[in-house]
Amino acid sequence: MNILVTGGTGFLGAHLLPLLLADGHKILLLGRTKPSNALPGGIEFRQGDLKDRALVRSAIEDMDAVYHLAGRVSFRDKEARQMYELHVDCTREMLHDISKLKKKPRFILMSTSGAIAVSRTECVLDEGAEYPIEVVGRWPYYLSKIYEEKLTLELCRKHKIPLVVLNPSLLMGPGDERLSSTWTVAKFLQGDIPSVPNGGISIADVRDVAQVCFNALRKGELYGRHLMGINLSMKDFFERISRLSGVAMPLFQLPKRLNIWGAKLLGKWADWRGKEPLLDAQEVDIGEHWFWLDSKKAERLLDYKPHDVYETLQDTIAFILQRMPPGHLVGTKGRLEKTRGE
């Protein structure tokens, strides 16, 4: 097949592209950032912004499938507009362009479990849950992903564009060069998490999600959502990282309100000093919620087979430690910073 991949130079793309190449497909990558390494044969890269309509129109011509992986991850209110433009405006315009093609490519949207499975209380949600707009309304990232998913489902149904929506939870595993997804682990290893959150997390091995993406070329429920992940309490998540890395657990597990209040106070202190806070208050607030999900549908329809949790976390830690300067496992020197890929 001729396959277009947006945002394919990121964490997930690095694991998906080899699977597509091994199956004999020709790949066109669109991205704002050039790959750091030379691309193998069978892949063409075009640098540019998805707001460039001429670029997008030329890219979608004669495509059999489109993987829409492009995304911007941030929990800062000041970046809300950029996320909305990328996730909503650019996706809408791309689908309008696709709707005018005689041959409609299969459209595979990389959404997030946070567009479905988020709750203030401990519970497990599946694809039948309503959009949690009331819960995530103050978090621009998840809100923009909900709007992206809703408009994609609407436009693809309207214009008969075959669509599969994928909803993985927080990606873990090796290869996250930008720390766009595994930053929580990096912060723990650096000693930047002062108190254990009280919520529940779900994680998905990037290698498993890449395989599901590959399977979605031929499988999956059309116009359906597919959740993926393994559920852990935040305490269990950090305890496992602690056992694998040897880094001690935070001393406290404070009540939700104290955790959020403390993060806001530290944020104001950092602003006064003209520095970035170690933890954003919004990130702390998110950690006080429950992201537990049911993956049975993805297991049944897309052959989702999750790695063992310890193996996933071990490989995540090993990769992050490779990027840390020697002697700086915990502390402020040699600090690793996440970047926001698209």
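Residues numbered from 1 in each chain as written. Predicted model: local features only at pLDDT ≥ 70, side-chain atom pairs only at ≥ 80, totals over all residues. Heavy atoms only, no water.

Some details on the packing of helix α3 (residues 80-99) against helix α5 (residues 140-159)
So the rule is basically this: Axis geometry follows a simple rule: fit a line to the C-alpha atoms, using only the stretch in contact for helices, then measure angles between N-to-C directions, giving values from 0 to 180 degrees. Helix and strand definitions follow DSSP, with helices as H or I runs of at least four residues and strands as E runs of at least two, each counted in order from the N terminus. Our angle categories are set so that under 35 degrees counts as roughly parallel, over 145 as roughly antiparallel, 65 to 115 as roughly perpendicular, and the remainder as oblique. Two residues qualify as a contact provided that any one of their heavy atoms is within 4.5 Å of a heavy atom in the partner residue. For this scheme, ten residues count as nonpolar: Ala, Val, Leu, Ile, Met, Phe, Trp, Tyr, Cys and Pro. Four count as charged, namely Asp, Glu, Lys and Arg, and the remainder, Gly too, count as polar.
Between α3 and α5, whose axes approach to 9 Å, the crossing angle comes to 10°. As judged from the angle between their axes, α3 and α5 are roughly parallel. Every residue of α5 that contacts α3 at A80, M83, Y84, H87, V88, T91, R92, L95, H96 and S99 is listed here: P140, Y141, S144, K145, Y147, E148, L151, T152, L155, C156 and H159. Each residue belonging to the contact of α3 with α5 can be placed in one class, and the counts come to eleven nonpolar, seven polar and three charged.

Digging into the sheet that holds strand β3 (residues 43-47)
Rules: Whether two strands pair comes down to DSSP finding at least two bridges between them.
The seven strands are arranged β3-β2-β1-β4-β5-β6-β9 in an open sheet whose pairing can be described as parallel. Each end of this open sheet is capped by a strand with a single partner; those strands are β3 and β9 (225-228). Across the sheet, the mean angle from the axis of one strand to that of its neighbour is 15°, orientation sign disregarded. In this sheet, strand β4 (residues 65-68) lies alongside strand β1 (residues 2-6) in parallel orientation, the contact comprising four bridges. The residue of β4 that forms the bridge with T6 is H68.

Structural notes on the packing of helix α8 (residues 234-245) against helix α12 (residues 309-323)
Condition: It is the rotation of the near helix from the far one that decides the hand of a crossing: anticlockwise by less than a right angle makes it left-handed, clockwise makes it right-handed.
Look at α8 against α12: their axes get within 10 Å of each other, and the N-to-C directions meet at 60°. As the angle between them shows, α8 and α12 are arranged oblique. Crossing angle aside, the handedness with which α8 passes α12 is right-handed. Where α8 approaches α12, its residues F237, R240, I241, R243, L244 and S245 are matched on the opposing element by V309, Y310, L313, Q314 and I317. Looking at the contact of α8 with α12 residue by residue, the class counts come to seven nonpolar, two polar and two charged.

Here's the deal with α5
Since the α-helix packs 3.6 residues into each turn, any two residues three or four apart lie on the same face. Keep this limit in mind: Helix span, as expected, comes to 1.5 Å for every residue beyond the first. Burial classes follow relative accessibility: with a 1.4 Å probe on protein chains only, a residue under 20% of its type's maximum area counts as buried, one over 50% as exposed, and anything between as partly exposed.
The end-to-end C-alpha distance of α5, which contains 20 residues, comes to 28 Å, matching closely the 28 Å that a straight helix rising 1.5 Å per residue would cover. A large share of α5 lies buried, amounting to 14 of its 20 residues. Two residues or fewer after α5 comes K160, characterised by a positive phi angle close to 60°.

Points about the environment of S181
Counting through the fold element by element, S181 comes out in the loop between β7 (170-172) and α6 (183-189). For the pair formed by S181 and L171, sequence separation is ten residues and the distance between their alpha carbons is 5.8 Å. Setting aside residues up to four positions removed in sequence, S181 forms contacts with F11, L170, L171, M172 and D176.

Comments concerning the pairing of strand β2 (residues 26-31)
What counts is decided by this rule: With strands facing away from the observer, any crossover in which the path from the first strand over the helix to the second runs clockwise is taken as right-handed.
Along β2, five of the six residues are buried, which leaves the element largely enclosed by surrounding structure. As judged from the five bridges shared by β1 and β2, these two strands associate in the parallel manner. Paired with I3 across the two strands is I27, which belongs to β2. Of the crossover connections in this fold, the one passing from β1 over helix α1 (residues 11-22) to the parallel β2 is right-handed. Sheet topology places β2 next to β3; five bridges connect them, and they run parallel. Bridged to L28 within β3 is E44.

Thoughts on the nonpolar core
A general feature of soluble globular proteins is that nonpolar side chains tend to end up buried together. Put simply, the rule is: Side-chain atoms within 4.5 Å link the members of a nonpolar core, which is a set of buried Ala, Val, Leu, Ile, Met, Phe, Trp, Tyr and Cys residues.
Within the largest apolar cluster, 35 residues are counted, with the highest numbers of intra-cluster contacts made by L189, F237 and I241. Secondary structure elements with two or more residues in this core: α4 (133-136), α5, α6, β8 (200-205), α8 and α12. Ranked by the residues each element gives to this core, the list is headed by α6, at five residues. Look past the residues within four positions of F237 in its chain and what remains in contact with it is M172, T184, V185, I201, I203, L232 and L313. Judged by nonpolar contacts, the second largest core, of 32 residues, contains I3, I108, A210 and V212.

Describing the pairing of β8
In terms of burial, β8 is a largely internal element, six of the six residues being buried. On β8, burial covers both faces: G200, S202 and A204 on one face and I201, I203 and D205 on the other are all buried. One ladder, built from three bridges, connects β7 with β8; its direction is parallel. Each bridged residue has a counterpart across the sheet, and for L171 the counterpart in β8 is A204. Tracing the backbone out of β7, into α6 and back to the parallel element β8 gives a crossover that is right-handed. Relative to strand β10 (residues 230-233), β8 runs antiparallel, the two being bridged by four bridges. Bridge pairing links I203 to I230 in β10.

Let's talk about empty space enclosed by the protein
Short version of the rule: Every definition here rests on a 1 Å grid over the protein atoms only: cavities are sets of points where a 1.4 Å probe fits but cannot get out, pockets are open sets enclosed by protein on both sides within 12 Å along at least five of seven lines, and lining residues have some atom within 4 Å of a point. Grid points are joined across faces, edges and corners, and a volume is the space filled by probe spheres set on the points.
Tallied over the entire structure, the rule returns three cavities of 30 Å³ or more. What the largest cavity holds in volume is close to 90 Å³. Forming the walls of the largest cavity are eleven residues, and the residues nearest its centre are G31, R32, G48, L50 and A70.

Coordinates in, geometry out; function isn't part of it.
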